[in-house]
Amino acid sequence: MSTDPKFEFLCRMGDNALVLGHRVSEWCGTAPVLEEDIALANMALDLIGQTQLWLGMAGEVEGAGRDADKLAFHRDVWDFRNVLLVEQPNGDFGQTMMRQFLFDAWHLAQLTALIDSSDKEIAAIAEKSAKEVTYHLERSSDTVIGLGDGTEESHRRMQAALDLLWPYVGEMFLGDDVDAAMKDAGIAPDPAILRAGYDQLVGDTLAAATLTKPEDDFAHRGGKSGARHSEHLGHMLTQMQWLQRAYPDATW
Amino acid sequence: MYAQMIKSTGKGIKSLDEMDPEERAFQERINAGGKIEPKDWMPDGYRKNLIRQIGQHAHSEIVGQLPEGNWITRAPTLERKAILLAKVQDEAGHGLYLYCAAETLGVTRDQMTRDLLSGKMKYSSIFNYPTLTWADMGAVGWLVDGAAIMNQVPLQRTSYGPYARAMVRICKEESFHQRQGFDIMMKMAKGTEAQRKMAQDALNRFWFPALMMFGPSDKDSVHSAQSMAWKIKMNTNDELRQKFVDETVPQAEYLGLTIPDETLKFNGETGHYDFAEPDWEEFFQVLKGNGPCNTERLAARNKAWDEGRWVREGLLAHAEKKRSRQMAAE
């Protein structure tokens, strides 16, 4: 495994998209209403497309002959670099949409910053992705507001989802050596600088949703470094990677 | 074909002379190739038949997401995953257009959904078969979508305007689905020994169920004549089945796969392939609810609907609150 910070950074972007895209795709055919089936599939499709770009570039940067598929289907848990938030299980529809909203709000801020990256290829991927994610955020925030400010039951479920997922928000803004190297090279922003804008946007949305942001800002960590993923990721990979692992000689 | 055994509500076919002036004008318009639009007069039987047929087609698209959704999370490459997601998304979209087309006949999507969930309305028998290996994603695209196209292409000329127009877009997308299915089959059939085995196994399991999609033989199909007079059915079941077999056999040969029918052979006199009938007893059992996956498919739809209730109610309540707030502000 390469320790090139740019490779690590690209894996972080790609794995976030891959893991969340996979999670969203688990909803196929079982959403609360047909329009949501279509919207969820659309979002999963965008995220898988972004995965191909980020991991494809990661493979090129690494220069070890691994392409996006090799990275997606032949790494084990400890080599995944997604934040813990996106690997959390779908739960009910409210939990899925809360996870989506909390991620989208960071994702759009990150991609918007990356459009100014000194790396032209990263800037181009970010520009394309930001267009898609603008729509994801619009939709997830509308849904969080609609369900938060809906019935008593929908409000209760959305508050429970927020309480459950809030401890996974902080990790997106915690910098490490990889982030410092990206910042120094002008490739990516310091994660911490995105926090104020995020808090503003999330605060406004949660207020409109009549939901209460948890007071404790404790943050679980270990996803983007790969040091300690949750137990959930391994189960996801056993399903996602099964065919490639069971039939390593095959092409599909 | 996603509509099977649609019961005709007409009482046999009347001649033009037996019809009252309204019905005669309606039939003459159809005979001349004209379209019937939602606000036009139409016989009750025509309306009811179409609701059943379009509804069954819509439900098939919705239930049809499940056997393919079964493999989205196990798709072997990112590209295959994206293609399969796009395909299943198209199917949900087809369901949506078709429900809209049916709604122009005076039924609501909620009512049709309730009838699907209670088992009162049917969906195509084919979606009650399990998808067991990745090759099944190929076989479903190649055979199931291939069979559906046979029926849907002529339905672009059907007499009911909204249905015909929905079918134009659906057919474009279905032909992409069939091609992607064949592409998966090609990779599998030309792949490793294990992949070839999966491909042959998928063909073995899906061949006869695909033939059943066209419905029973013409001699046993009691409802066809009226539907054909109304041009809501454009070809007989046997015509379409024959066309499907004639087109599919050379494709199987190209793939190097064997169709599981020892009697299959080209008939030089007719210019068509002779082939064995599917097991119609199995077909009727599947329609009665005794297919391998009927229980799971209906349970999955019911679970999704029941567990989604709070979401639908929540969003409706919010829309209502928003409206009240806007009115108060004005």
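Quick summary incoming for the structure in this document.

1. Some remarks on the interface of chain A and chain B
Stage number 1. Tallying the contact residues gives 49 residues for chain A and 47 residues for chain B.
Stage number 2. The junction of chain A with chain B conceals about 4,000 Å² of combined surface from both sides, 69% of it contributed by carbon and sulfur atoms.
Stage number 3. Viewed at the interface, chain B and chain A are joined by three salt bridges.
Stage number 4. Here Asp149 of chain A and Lys321 of chain B are joined by a salt bridge, their closest N and O atoms 3.2 Å apart.
Stage number 5. Mapped onto the side of chain A that touches chain B, the elements with two or more residues apiece are α1 (5–25), α2 (34–62), α3 (68–73), α5 (93–114), α6 (120–148), α7 (152–165), α10 (231–240) and α11 (242–246) of chain A.
Stage number 6. At 11 residues, the largest contribution of residues to the side of chain A that touches chain B is made by α2 of chain A.
Stage number 7. A per-class count over the side of chain A that touches chain B returns 24 nonpolar, 16 polar and nine charged.

2. A look at the state of the cysteines
Residue and element names in this part refer to chain B.
Stage number 1. Inspection of the entire model under this criterion finds zero disulfides over all chains.
Stage number 2. For the unlinked cysteine Cys171, the closest cysteine sulfur is that of Cys100, found at 18 Å.
Stage number 3. Given a relative accessible area of 8%, Cys171 falls into the buried group.

3. Some thoughts on α7 of chain A
All names here are of chain A.
Stage number 1. Compared with an ideal rise of 1.5 Å per residue, which puts 14 residues at 20 Å, α7 spans 20 Å between its outermost C-alpha atoms and is within 8% of the ideal.
Stage number 2. Within α7, the full set of buried residues consists of Ser154, Met158, Gln159, Ala161, Leu162 and Leu165. Down the axis of α7, the buried side of the element spans an arc of 160°, and every buried residue falls inside it. Exposed side of α7, more than 90 degrees from the buried face: Glu152 and Arg156 are the residues found there.

Procedures and definitions
- Residues numbered from 1 in each chain as written.
- Chains lettered and ligands numbered in written order.
- Predicted model: local features only at pLDDT ≥ 70, side-chain atom pairs only at ≥ 80, totals over all residues.
- Heavy atoms only, no water.
- Contact = heavy atoms within 4.5 Å.
- Buried area = accessible area lost by both parts, 1.4 Å probe.
- Salt bridge = Lys/Arg side-chain N within 4 Å of Asp/Glu carboxyl O.
- Helix = DSSP H or I, 4+ residues; strand = E, 2+ residues; numbered from the N terminus.
- Nonpolar A, V, L, I, M, F, W, Y, C, P; charged D, E, K, R; others polar.
- Disulfide = S-S within 2.5 Å.
- Buried < 20%, exposed > 50% of the residue type's maximum accessible area, 1.4 Å probe, protein only.
- Expected span 1.5 Å × (residues − 1).
- Arc of directions from axis to C-beta.

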